[in-house]
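Listed here are the chains, written in short residue letters.
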Amino acid sequence: MCDCVYVMLLFVLFIGAFGAEEDSALCEMLGSPKFPLLSLEGDITIGGTFSIHSQLSKPLLSFTDTPEPLICSRINLREFHLAQTMIFAIREINKSSSLLPNISLGYKVFDSCGSTLPSTRAVMGLINGQERTLGKNCQSSVHAIIGASESSSTIVMLQITGIFQIPVISHFATCACLSNRKEYPSFFRTIPSDYYQSRALAKLVKHFGWTWVGAVRSANDYGNNGMATFITAANQEGVCIEYSEAISRTDPTEQVARVVRVIQSGSARVLVAFLAQGEMDILLEEVFNQNLTGLQWVGSESWITAVHLASKKYSGILTGSLGFTIKKAKISGLKEFLLQVNPSQDPQNNLLREFWEATFDCSFQSSLHGQTQCSGSERLQDINNPFTDVSELRISNNVYKAVYAVAHAMHNMLKCRQSDETVNKSCVWKDILEPKQVVTYLQDVNFTLQSGERVYFDRNGDPTATYELVNWQRNKAGDPVFVTVGSYDASLPDGKQFAMNGINIIWVNGSPKEPQSVCSESCLPGFRQAVIKGKPICCFSCIACGAGEISNSSSSAECLRCPLEYWSNEDHSQCVPKVTEFLSYGETMGALITAFSLFGASLTLMVSCVFFRYRHTPLVKASNSELSFLLLFSLTLCFLCSLTFIGQPTKWSCMLRHTTFGITFALCMSCILAKTIAVVIAFKAKMPANKVPQCSAPLQRTSVLSCTLLQVIVCALWLNRAPPHPYKNTAHATERIILECDLGSPIGFWAVLGYIGLLAVLCFILAFLARKLPDNFNEAKFITFSMLIFCAVWVTFIPAYVSSPGRFTVAVEIFAILASSFGLLFCIFAPKCYILLLKPDRNTKKHMMGRNQQ
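Residues numbered from 1 in each chain as written. Predicted model: local features only at pLDDT ≥ 70, side-chain atom pairs only at ≥ 80, totals over all residues. Heavy atoms only, no water.

Description of the confidence of the model for the protein chain
On average, residues of the protein chain score 84 in pLDDT, and 88% of them are at 70 or above. The low-confidence segment residues 419-423, where pLDDT is below 50, has 2 contacts with residues more than four positions distant or belonging to other chains. With pLDDT under 50 throughout, residues 686-695 is counted as low confidence; its partners more than four residues away or in other chains account for 3 contacts. (pLDDT = per-residue confidence, 0-100. Contact = heavy atoms within 4.5 Å.)

Spelled out as structure tokens, the structure:
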């Protein structure tokens, strides 16, 4: 830096650091003063720093010679427009009789050139003024500063102005770091912090399902802080960043070209550009040179409504862009004021001459390089450029509000009176206005502009964060226009902050179809995402959900297990009620069992009919016809009781099936036991045989009744204590529900079964003892054989019953019932029916007593 004014900065910092006494130290300038580009004297002076030029020379630093001065070139019409807006607001206030009456506002406008070094020079020029010595109190020449247009430049300014507590009100510095009141206690701004914009951008990309995006930022405080906040918010929203590159307007062309190649080689189709205008200009130029198209641009407020970018050269690249910006406004009279700007207002002002030459492509010098001669009579009304355009007054409105905020703070500080018309409106003037007081009154301002917009600052010096979501579209004439398609209001509750207004969005290349930008395609319902090792969470493979699990939406991170009574459908997209399984009459097994059961009952009835037909024959009489008919009746019930095991279990069917089975088989075993005892008595007793039946008949009835009654008592206790009940078994088969009858009390079931087994064992023992009776009437032999079959069936039943799953448990029990019933029927009654029907000659008393007569 060659300007000697920087020596004063070091002197000031030295005084601030070591506490030099005010009455012995003077703020003395070393070197020549820096003059403002635009200025006006006034009672109160407002400084302004704008990036009026966008190109900065780079002097060679040899560290042996004095470096060349910094030279700013290439006028920025948009920034010049903002500077003129500040002048317009000041002149409007000077004309007002209600705001700062009898107090005039002046201004000093310096060029920050969009860089930190010129910004330092500009702020020193604002503080120094043109006097060689500032006096004992080191009083600044300005009472407040509007600017700068970049966060990095603003931070540099604040590091100097903060020493004197000079208030700085920025219209375009959005870095969230500036909200730190401990570091920047005298900073205010009329544009929201990037903290909110970055979060809004994250919600925007998430709203459209763009989970895989690229990012490019300015290599300064604005870009670095804004992008850091965006990446953090994007990660919270489940959005991944494929790459994050940084560029600076001072970067060589090779560096910018490298960044564009990274963007081009990436798979992300959405690019979030958190760039200042200077960086956006050079990036777009390189994008145009490399013919990079097909990207969906998402921009920050710095460039998303920049009219000069909407030229035909870049319109093919940026059409369809989306981004948040502050609300636009209308400033009455500004258009007319801008059109009156002319070098004739100040013929010695080089900036006005430069502006005029750049606007009309002419020169006030003699014709150079074929340029036309500027006359000064050219008409701005015929020009449409960023300076004359007032269709998008967004940042300009911020400048306007900043000037009025300073005016209202001064108005309140000077205790200006605004009473009735009989009292003159005036302010109490102070010779010395302490900057600290200005900061205090700025913090408390709360006023409404003529447009109806309310202006105030929160405790961090920030305004309310409200944005419009704009989309680059084309009108009927084919010209780019900024259409508001949504909004973001940080003051609303979470979930209601971001909203779309229903207006159709035009996407990249003018397409009405929304682009997709994902690392991996969404998993279909029925699949879950599985993170690929070494890649971001947005890159995943799709794995089918397991049995009993579903995912009913796209891109499910986890599969959900179905409730206990539900199961997944074929594509695992929803839970459906499990198939209810029980032994029914409609299925093959149920139909076969029903047929065998009815066949057995019918066969038993046929045997009963045969016995009834031959009831007076010796064979039937010798078989104890009363017990035989009772046995056949009980066997019929045994066959029919198996039917109670088929069908959907209910409360009554569950209680009926086991008790019926237990009582009927107890009756059956009781009859066989009575017959066995009668046979043994008949052939072992010494009294005549024809007298035994008559003597033993009451005993037989009593024994049958007693044995059966005992089983009835056991069943009654079982039903009273813990009766069987329907039960949905989900343990044996996870994909279906087995409806079965829970025993209620296993002890009751095994007691019933054990009692039947006890009767069978007694029958077997007695029949075995009577196995050597006369061959012609050896009924004990048949009973022995029938008991062997009966016991074999039920002994086999126990392990099969315990190990059989689901409805097969019921089938095993039914099989045991039918097998044992058929065994008893055939073993006991088949030989007798054979004699009665096929060998009637043997059905004689002589034949029956054949062995005794030998």
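Structural notes on the side chain of Gln711
Position of Gln711 among the secondary structure elements: in helix α18 (residues 692-721). Here Gln711 falls in the buried class, since its relative accessible area comes to 0%. Beyond its immediate sequence surroundings of up to four residues, Gln711 is in contact with Gly662, Ile663, Ala666, Val752, Tyr755 and Ile756. (Helix = DSSP H or I, 4+ residues; strand = E, 2+ residues; numbered from the N terminus. Buried < 20%, exposed > 50% of the residue type's maximum accessible area, 1.4 Å probe, protein only.)

Regarding the pattern of salt bridges
In the structure shown here, the tally under the stated rule is 16 salt bridges. With its nearest N and O atoms 2.7 Å apart, the salt bridge here joins Arg258 to Glu245. On the criterion of sequence distance, the pair formed by Arg258 in helix α7 (residues 253-265) and Glu245 in strand β10 (residues 240-247) is long-range, its members being 13 residues apart. Residue class for Glu245 comes out buried when judged on its relative accessible area of 15%. Between Glu392 and Arg394 there is a salt bridge, and its shortest N-O distance comes to 2.7 Å. Among the residues examined, Glu392 registers a relative accessible area of 16% and is labelled buried. A network of salt bridges, in which partner residues are shared, links Lys328, Glu392, Arg394 and Glu468. (Salt bridge = Lys/Arg side-chain N within 4 Å of Asp/Glu carboxyl O.)

Points about the side chain of Lys401
Of note, Lys401 is situated in helix α12 (residues 395-413). Non-local contacts of Lys401, meaning those with residues more than four positions away in its chain, are made with Thr190, Phe447, Leu449, Glu453 and Val455.

So, helix α13 (residues 435-443)
Given 3.6 residues to a turn, an α-helix orients residues that are three or four positions apart in the same direction. Every buried residue belonging to α13 is among Pro435, Val438, Val439 and Leu442, and all of these are buried. In an axial view of α13, the angular spread of the buried residues amounts to 100°, which keeps them on one side of the axis. Turning to α13, the residues buried within the fold contact α4 (151-164), β7 (168-170), β8 (187-189) and α12. (Arc of directions from axis to C-beta.)

Quick word on the nonpolar core
In terms of nonpolar packing, the biggest core is built from 70 residues, with Phe50, Phe80, Met86, Ile146 and Phe355 touching the most fellow members. For this core, the element with the most residues is α12, which contributes 12 residues. Excluding residues that lie within four positions of it along the chain, Phe80 makes contacts with Leu38, Ile52, Val341, Leu351, Leu352, Phe355 and Phe387. One finds Leu643, Phe661, Ala666 and Val812 within the second-largest nonpolar core, a separate group that totals 64 residues. (Core = buried A, V, L, I, M, F, W, Y, C linked by side-chain atoms within 4.5 Å.)

Some points on the packing of helix α2 (residues 77-95) against α12
For any two helices packed against each other, the geometry is given by the interaxial angle and the distance between the axes. Two elements in contact, α2 and α12, have axes separated by 9 Å at closest approach and are oriented at 35°. Handedness of the α2/α12 crossing: right-handed. Contacts between α2 and α12 pair Arg78, His81, Leu82, Thr85, Met86, Phe88, Ala89, Ile90, Glu92 and Ile93 from the former with Ile395, Ser396, Val399, Tyr400, Val403, Tyr404 and Ala407 from the latter. (Axes fitted to C-alpha atoms, helices over the stretch in contact; angles between N-to-C directions. Left-handed = near helix turned anticlockwise from the far one by under 90°.)

Focus on the state of the cysteines
Enumeration over the complete set of coordinates arrives at 9 disulfides. Between the sulfur atoms of Cys523 and its disulfide partner Cys542 the distance amounts to 2.0 Å. Here the disulfide of Cys523 and Cys542 is left-handed, its torsion about the S-S bond being about -95°. Placement of Cys523 in the loop between β20 (498-500) and β21 (527-531) and of Cys542 in strand β22 (residues 540-544) is noted, with a sequence separation of 19 residues between them. Residue class for Cys542 comes out partly exposed when judged on its relative accessible area of 37%. (Disulfide = S-S within 2.5 Å.)

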